Amino acid sequence: MMLTRLAPTPSGFLHLGNLFNFLLTWHWAREQGARILLRIDDADSARVRPEYIQDIFRSLEALNIDWDMGPSGPDALERQWSQRHRIGLYNDRLQALRETGKLYACSCSRKSHTGQNQPVCACAKEAYDLDEKGMSWKLQCGQGEKISFSDFLGHAQDYPVEDFIVRRRDGIPAYQVTSVTDDRYFRVTHIVRGEDLLESTARQLYLDKLLPEPWLSNARFLHHPLLTLPKGGKLSKSAGYQSEPLLNSMTAQEILDSFSNWRALNQL
Ligand SMILES: [Zn+2]
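This section reports on the structure supplied with the text. (Residues numbered from 1 in each chain as written. Predicted model: local features only at pLDDT ≥ 70, side-chain atom pairs only at ≥ 80, totals over all residues. Heavy atoms only, no water.)

## A short note on the side chain of Asp183
Within the secondary structure layout, Asp183 lies in helix α7 (residues 175–185). Apart from residues lying up to four places away in sequence, Asp183 is in contact with Arg5, Arg39, Val188, Ile191, Gln204, Trp215 and Leu216. (Helix = DSSP H or I, 4+ residues; strand = E, 2+ residues; numbered from the N terminus. Contact = heavy atoms within 4.5 Å.)

## Re unusual backbone geometry
Despite not being glycine, Asn64 has its phi angle at roughly 55°, a positive value. Within the secondary structure, Asn64 sits in the loop between α2 (50–62) and α3 (74–81). Residue Gln267 is not a glycine yet carries a positive backbone phi of 50°. Following the sequence through the fold, Gln267 ends up in the segment after α9 (252–265).

## Remarks on the coordination of the zinc ion
Within the first shell, the zinc ion binds the protein through Cys106 (SG), Cys108 (SG), Cys121 (SG) and Cys123 (SG), at distances of 2.2 to 2.4 Å. Of note is the zinc ion, whose four donor atoms meet at the metal with angles of 104 to 114° in an arrangement that counts as tetrahedral. All donor residues of the zinc ion come from one chain, and their arrangement in sequence is C-x1-C-x12-C-x1-C. Of this pair, Cys106 sits in strand β3 (residues 103–106) while Cys123 sits in helix α6 (residues 123–126); the two residues are 17 residues apart in sequence, bridging distant segments of the chain. Grouping residues by exposure puts Cys106 and Cys123 together as buried. (Donors = N, O, S within 2.8 Å, 3.2 Å for Na, K, Ca; no water. Tetrahedral: all angles 85-135°; square planar, octahedral: opposite > 155°, others 65-115°. Buried < 20%, exposed > 50% of the residue type's maximum accessible area, 1.4 Å probe, protein only.)

## Things to note about the packing of aromatic side chains
Tallied over the entire structure, the rule returns eight aromatic pairs. Each ring, one from Phe13 and one from Tyr52, has its centre 5.0 Å from the other, and the planes form 90°; the classification is edge-to-face. Linking Phe13 in the loop between β1 (3–6) and α1 (16–32) with Tyr52 in helix α2, this pair joins segments that are 39 residues apart in sequence. Like Phe13, the residue Tyr52 is buried in the burial classification. Where Phe20 meets Phe259, the ring centres are 5.7 Å apart and the plane angle is 70°; that geometry is what we call edge-to-face. Pair noted here: Phe20 is in helix α1 and Phe259 is in helix α9, with a separation of 239 residues, a long-range link. A single burial state applies to Phe20 and to Phe259, both of which are buried. Within the aromatic cluster, the residues linked to one another by ring pairs are Phe20, Phe259 and Trp262. Lying over the aromatic face of Trp137, Arg167 brings its terminal NZ or CZ to 4.0 Å of the ring centre. (Phe/Tyr/Trp six-rings, centres within 6.5 Å; stacked < 30°, edge-to-face > 60°. Lys NZ or Arg CZ within 6 Å of the ring centre and 35° of its normal.)

## Regarding the pattern of salt bridges
This model, assessed by the stated rule, comprises 16 salt bridges. The salt bridge partner of Arg30 is Asp68, with a shortest N-O separation of 3.3 Å. You can see Arg30 sitting in helix α1 and its partner Asp68 sitting in the loop between α2 and α3, a full 38 residues away along the chain. Classification of Arg30 by relative accessible area gives partly exposed; the value is 31%. (Salt bridge = Lys/Arg side-chain N within 4 Å of Asp/Glu carboxyl O.)

## Considering the pairing of strand β4 (residues 136–139)
On β4, burial covers both faces: Ser136 and Lys138 on one face and Trp137 and Leu139 on the other are all buried. Where β3 meets β4, four bridges bridge the pair, whose relative direction is antiparallel. If you follow Cys106 over to β4, its bridge partner there is Ser136. Here β4 pairs with strand β7 (residues 164–167) via three bridges, running antiparallel. Of the residues in β7, the one forming a bridge with Lys138 is Ile165. (Pairing = 2+ DSSP bridges.)

## Notes on helix α8 (residues 198–210)
Under the 1.5 Å per step criterion, the end-to-end length of α8 is 19 Å for 13 residues, consistent within 8% with the ideal 18 Å. Within α8 the residues assigned to the buried category are Leu198, Ser200, Thr201, Ala202, Arg203, Gln204, Leu205, Tyr206, Leu207 and Asp208. (Expected span 1.5 Å × (residues − 1).)

## Some points on the nonpolar core
If you look at the biggest cluster of nonpolar residues, it comprises 69 residues, and the most contacted ones within it are Leu16, Ile65, Val166, Leu207 and Ile255. The element best represented in this core is α1, accounting for nine residues. Leave out the neighbours within four places in its chain, and Val166 touches Leu94, Leu97, Leu103, Trp137, Leu139, Pro173, Ala174, Val177 and Leu207. Core analysis: the second largest hydrophobic core is formed by five residues, Tyr104, Cys106, Cys108 and Cys123 among them. (Core = buried A, V, L, I, M, F, W, Y, C linked by side-chain atoms within 4.5 Å.)

Written out as structure tokens, the structure is:
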């Protein structure tokens, strides 16, 4: 059974790029007879706000996007589907990763990872205690290792993985872990995502292979081009400068029309 997913993160109002991704996923699934899971990525609960969750359901409804599995609304999310209910599962996976001996504690702050003069993290050599407070957990990857996967259209991709964080300093499992755990748990077979997540795909495949009974190696991926803005910027999954619901400034029909143009232009 083919299963794909819509995976919004409720840390901001959805932007046009998010909606195009949902529409593309929905069209693909309905044309191919795949089922759709709605998975709301709310593990990072400090950034979640009720109005962002409302915005997800309102947007999907306005665009006539339906799904076969997952929460029917905010109450069902809270009751049954929130990632908070699967924290134990994510921690089990982190434990399994720890047992591979490939994790090391990293004391670098988030700022130093993303700053202008990006210092190279040398924490692997320091052998800090993983149980020390305030440490993030990083997964050691092979030097210059490349992960291969094929997309829906049969295009082979070859993407490098470097060491990355699997547990944040605040103890929250990183996106890579929650995403791969959920995709395994729900048995997702097809993933439609923007090109900005190519690196995530490589990381998630790498993680999956380290865990018992790899699943994602059989999954197929479609990495679509990002929506280009008039000024040349690109709307990635995480670009969140939508200050109010998009439906306040565009009608559903306008969104659907511009999606059709974008889809035709990119031959998706
Ligand atoms: Zn470090």
